[in-house]
Amino acid sequence: MPAVLSEPVSSDFPTTVNTSTDGRPDFISIQNFSFFYGAKQALFDISMDIPERQVTAFIGPSGCGKSTLLRNLNRMNELIDGIRHTGDIVIHGHSIYDPLIEVISLRKRVGMVFQKSNPFPKSIYENVVYPLRVAGQKTKTILDETVERSLKGAALWDEVKDRLHESALSLSGGQMQRLCIARAIANRPEILLMDEPCSALDPVATVKVEELIQELKSQFTIVIVTHNMQQATRCSDKTAFFYLGRLVEFADTQKIFANPSNKQTEDYITGRFG
Amino acid sequence: MNVPEKRKYDFTKAPAAKGEPFVWLTAMGLALGLLMVVGLLGVIVSNGIPVFWPKQVLEIKLKPGVQNPVPEGGDMIVGELVQKRTKRIPVLNEQGQRNNDQTEIQVFLGNKDTYNINFAFANQADITSISEAKNIYRLERLEYGIAFGYPTAIRLSDGTLIEVNAASFGSTLARLCEEAASRRAQIEKIEKTEIGRINSRLNDLRVSQKGDSTPSPEAAKLDAEYQKLAAQAAKLRAEQGAIALIYKTPTGVERTLSLGDLVSYSKPNQLTLLDKVRLFSHNIWSFLTENPREANTEGGIFPAIFGTFAMTLLMSLAVVPFGVVAAIYLREYAKQGLFVHCVRIAVNNLAGVPSIVFGVFGLGFFVYFVGGSIDQLFFGKYLPTPTFGTGGVFWAALTLALMTVPVVIVATEEAMAAVPRGIREGSLSCGASKWQTIQRIVLPASLPGILTGLVLAMARGAGEVAPLMLVGVVKLAPSLPLDGDFPFAHLERKFMHLGFHIYDLGFQSPDSEAAKPMVFATALLLILLVITLNLAAILTREKLRKKYAGGAF
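Residues numbered from 1 in each chain as written. Chains lettered and ligands numbered in written order. Predicted model: local features only at pLDDT ≥ 70, side-chain atom pairs only at ≥ 80, totals over all residues. Heavy atoms only, no water.

1. What about the overall build of chain B?
In step 1: In terms of helices and strands, chain B carries 14 helices and 13 strands.
In step 2: Over its C-alpha trace chain B gives a radius of gyration of 32 Å, far above what one expects of a compact globule, namely 24 Å for 553 residues.
In step 3: Projected onto its principal axes, the C-alpha positions of chain B cover 100 × 95 × 45 Å.
In step 4: Out of the 553 residues belonging to chain B, those deemed buried represent 41%.
In step 5: Sequence-distant contacts, at least 24 apart, represent 67% of the contacts inside chain B between residues at least 6 apart.
In step 6: Taking the average place of the 55 positive charges on the side chains of chain B and the average place of its 47 negative ones, the gap between the two points comes to 9 Å. (Helix = DSSP H or I, 4+ residues; strand = E, 2+ residues; numbered from the N terminus. Rg over C-alpha atoms; globule rule 2.2 N^0.38 Å. Buried < 20%, exposed > 50% of the residue type's maximum accessible area, 1.4 Å probe, protein only. Contact = heavy atoms within 4.5 Å. Lys, Arg positive; Asp, Glu negative; His and termini not counted. Charge placed at Lys NZ, Arg CZ, Asp CG, Glu CD.)

In structure tokens:
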């Protein structure tokens, strides 16, 4: 058989589940990554390793490219016309840009929570099982199990367990965001991307989501974009500071906030600009 | 230090007051629009409803020497008052001056078979007195429309007469009339349904043994069956003609009406209010459920209601999938550029093409080309008689679907564009493919918008007449597009349509003056039908909106 035919035309993104308790330090490896919206360059030659089962925070002033980088981790930016990139992003040894891999299978491995909560106009139950439904799962026991596990995981179960079949749009803002988190973790991804998940929430709801992030990090590798310095110190293990599309500094959160090695970082976290 | 004085809020100097002229302007625009709508509806309702209300029959006595328009009428005009109006062309007296009283009255005479005219006009000035015609009967006949007259006797089949003074006259007439109605229904059933079925089977047989003139045993059997049914019908018909009502017209002419031709009768001047209400609702019911008679000027309009309804429904079934699929491609898959931009402009322009052009296209493409090809392929044995190669309800529905598809495309595209980007991204980030996202998230959320498009399309399609005249509407359709014969839905059949019915009654009937009430009643019904269809779509939309509340709409 010719070699071309024996090769699969497209395949799923390989599973990256790690059974050992130690996290891999270079779980997500961003290698010389540059990104362009048409002629405008948004990211300049970024290289960094994001460790497994830890929370990594992206901070920086608006327009610095942190969201762009985050949205590249599950190739969400590809919805926009006229984009291109150079360099590579490798998750546990597999390039996410491998032409043989379907982008859908990548997104199943990488869950995402958005800045503005975006529940579907469906019931709470259907919102949570949506990732399973689109993957073709029909067994009711598995779906029921997933709903309970995900909603408990997102600390929402006790509040909604009696009204699972009511519209998700009847929830409060904080509940909606936690529902979106439940949805993002329903299909057991390995990575959870959060794009300013608390920016539209009140302080009480914010605390709840932050506590949730701490609980989730034992199972997921979490990358969070935030504008809130306190939030970054409270819930992240590592912090990356971006400025004008460049990665300025990337280190343990404690080090960045206590003793930044770069002047720009220090200026930003102390509030002198940005 | 200056402490600012506490001031009362002056509403007349409020900033909002500066926009006031525009408030008035916009309110005036709306008021004008509402006034026109209400005025139109008012004209139609006020002319359409009284058609069914029983009217009094009057005796109008003219001054001696005045020429009576009713032949042999003496000095009396008997009939229903239609209207009082000022003469269009003023009448002058000998001195060349206008008479003081220029009003004239229009009277509906009935008895067209005797008078040869339906209406008479009389000058108000020429009338000495107006009174009710006592004991007059209003006879609704199968032919020649209404008759007004004084019955003298019923002639039974054995020749015995029951005089009008006899105590049993009223009850006998009622009983015989009922019997005649049931026989009429029987005859119709035999001739239309049963003989029709045999005829179509005979026709099939004849076609299948083309050139072979020896009658097959099956044909002989069918022929025998036909003879039997025909004899049955002939016997019933003879019974219908055997009993007759003898009456005198107000001018004194004696006439005989076989009871088979009498649809209903009433004594319009002896009705209580309850009787009138009963007659009113009976008239409306028969208008809605009966077949038309007398070149559509009498009887009901059921086939037209059914045809309009069926055609609009078929059109909706065709236009929604077609429009939605096109909109999905345009919005979601097509690369937005000059070409797609041009396509959009073309689609929008399509909505402005005169509807008759769509009719011509439908005739050329659907009827002659597609229908002709279907006939060649599947109905070759019937040729040269066309089956699908002639106008029919299916082609009419497709033609109107083509005409209204831009409305659905535009509405769907707008609805899809209004679905928030956030929930699309949410779906994609869950590992859904683009099609799954469209199917499970975008389309359900745009359904209310799509239904809005459908409402507009239906409203336009149901009221359209011009293109239909080319692709399948007829003055009188022998059978409905839906009946008990296999395959039940006959989409190739020609059909009747309320809009065309209005045109036909108003402008094509032999006596458009007599048809005028029917025109208004039909127009009212068409409006009601459109409202009903729209209401159904709107209610569905509201239900969906509630379901997807907080979504895009």
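Having seen it, we continue.
2. So, the sheet that holds strand S4 (residues 119–123) of chain B
Residues and elements named next belong to chain B.
In step 1: Pairing is antiparallel in the open sheet, where 5 strands are placed in the order S4-S3-S2-S1-S5. The open sheet terminates on both sides in strands that have one partner only, identified here as S4 and strand S5 (127–132). Direction aside, the axes of adjacent strands within the sheet are offset by 45° on average.
In step 2: One ladder, built from 5 bridges, connects strand S3 (residues 103–108) with S4; its direction is antiparallel. In the strand pairing of S4, Gln 106 is matched with Phe 121. (Pairing = 2+ DSSP bridges. Axes fitted to C-alpha atoms, helices over the stretch in contact; angles between N-to-C directions.)

3. Describing the packing of helix H5 (residues 140–153) of chain A against helix H7 (residues 173–186) of chain A
Residue and element names in this part refer to chain A.
In step 1: In contact at an axis separation of 8 Å, H5 and H7 are set at 125° when each is read in the N-to-C sense. With respect to H7, the axis of H5 lies oblique. Considering only the axes of H5 and H7, their crossing is right-handed. Contacts between H5 and H7 pair Thr 146, Arg 149, Ser 150, Leu 151 and Gly 153 from the former with Leu 179, Ala 182, Ile 185 and Ala 186 from the latter.
In step 2: Here the contact of H5 with H7 is composed, by residue class, of 5 nonpolar, 3 polar and 1 charged. (Parallel < 35°, antiparallel > 145°, perpendicular 65-115°, else oblique. Left-handed = near helix turned anticlockwise from the far one by under 90°. Nonpolar A, V, L, I, M, F, W, Y, C, P; charged D, E, K, R; others polar.)

4. Quick word on the pattern of salt bridges
Residues and elements named next belong to chain B.
In step 1: Scanning the model with the defined rule gives 32 salt bridges over all chains in all.
In step 2: In this structure, Glu 290 and Arg 293 form a salt bridge, with 3.9 Å as the shortest nitrogen-oxygen distance.
In step 3: Look at Glu 290 and you get partly exposed, because its relative accessible area is 30%.
In step 4: Its relative accessible area of 13% is what places Arg 293 among the buried residues. (Salt bridge = Lys/Arg side-chain N within 4 Å of Asp/Glu carboxyl O.)

5. A look at the domain arrangement of chain B
In step 1: For chain B, the assigned domains are domain 1 (57–140), domain 2 (157–242) and domain 3 (302–547).
In step 2: Averaged C-alpha coordinates put domain 1 of chain B and domain 2 of chain B at centres separated by 43 Å. (Domains from an automatic or database assignment.)

6. Points about helix H11 (residues 434–462) of chain B
In step 1: In a regular helix each residue adds 1.5 Å, so 29 residues correspond to 42 Å; H11(B) covers only 36 Å between its end C-alpha atoms and thus falls short of that length.
In step 2: Along H11(B), the sharpest change in direction is near 50° and occurs at B:Leu447; proline B:Pro448 comes one to four residues later. (Expected span 1.5 Å × (residues − 1). Bend = angle between axes of the 7 residues up to and from the residue.)

7. Looking at the interface of chain B and chain A
In step 1: Taken together, the contact pairs 21 residues of chain B with 22 residues of chain A.
In step 2: Summed over both partners, the interface of chain B with chain A buries about 1800 Å², with 62% contributed by carbon and sulfur atoms.
In step 3: Contact with chain A buries surface across chain B, with B:Ser429, B:Cys430 and B:Arg440 losing the most and accounting together for 30% of the total.
In step 4: Scanning the region where chain B abuts chain A turns up 1 salt bridge.
In step 5: Counting across the chain B and chain A interface gives 5 residue pairs in polar contact (both at pLDDT 80 or more).
In step 6: Every element with two or more residues in the side of chain B that touches chain A is listed here: helix H10 (421–429) and H11 of chain B.
In step 7: Considering each element in turn, the side of chain B that touches chain A owes the most residues, 8 residues, to H10(B).
In step 8: Class assignment of the residues belonging to the side of chain B that touches chain A gives a composition of 7 nonpolar, 10 polar and 4 charged. (Buried area = accessible area lost by both parts, 1.4 Å probe. Polar contact = N/O pair within 3.5 Å; in protein donor to acceptor, adjacent residues only side chain to side chain.)

8. Observations regarding the packing of aromatic side chains
In step 1: If you walk through the whole model with that rule in mind, you get 21 aromatic pairs over all chains.
In step 2: For the pair B:Phe108 and B:Phe119, a centre-to-centre distance of 5.6 Å together with 55° between the ring planes defines the contact as tilted. Of the two residues, B:Phe108 is situated in strand S3 and B:Phe119 in strand S4; the sequence distance between them amounts to 11 residues. Across this residue pair, the class does not change: B:Phe108 and B:Phe119 are buried.
In step 3: Pairwise contacts between aromatic rings join B:Phe361, B:Phe365, B:Phe366, B:Phe369, B:Phe394 and B:Trp395 into one cluster.
In step 4: One cation-aromatic arrangement involves A:Arg183 over A:Phe120; the distance from NZ or CZ to the ring centre is 4.1 Å.
In step 5: Over the face of the ring belonging to A:Phe250 we find A:Lys238, whose NZ or CZ atom lies 4.9 Å from the ring centre. (Phe/Tyr/Trp six-rings, centres within 6.5 Å; stacked < 30°, edge-to-face > 60°. Lys NZ or Arg CZ within 6 Å of the ring centre and 35° of its normal.)

9. What about the sheet that holds strand S7 (residues 191–195) of chain A?
Residue and element names in this part refer to chain A.
In step 1: Overall, mixed pairing links the 6 strands, which are arranged S6-S7-S8-S3-S9-S10 in an open sheet. Taken across any chain shown, the strands that pair with only one partner, and hence form the sheet edges, are strand S6 (110–113) and strand S10 (246–252). In this sheet, neighbouring strand axes are inclined to one another by 15° on average, regardless of whether the strands run parallel or antiparallel.
In step 2: Here S6 pairs with S7 via 4 bridges, running parallel.

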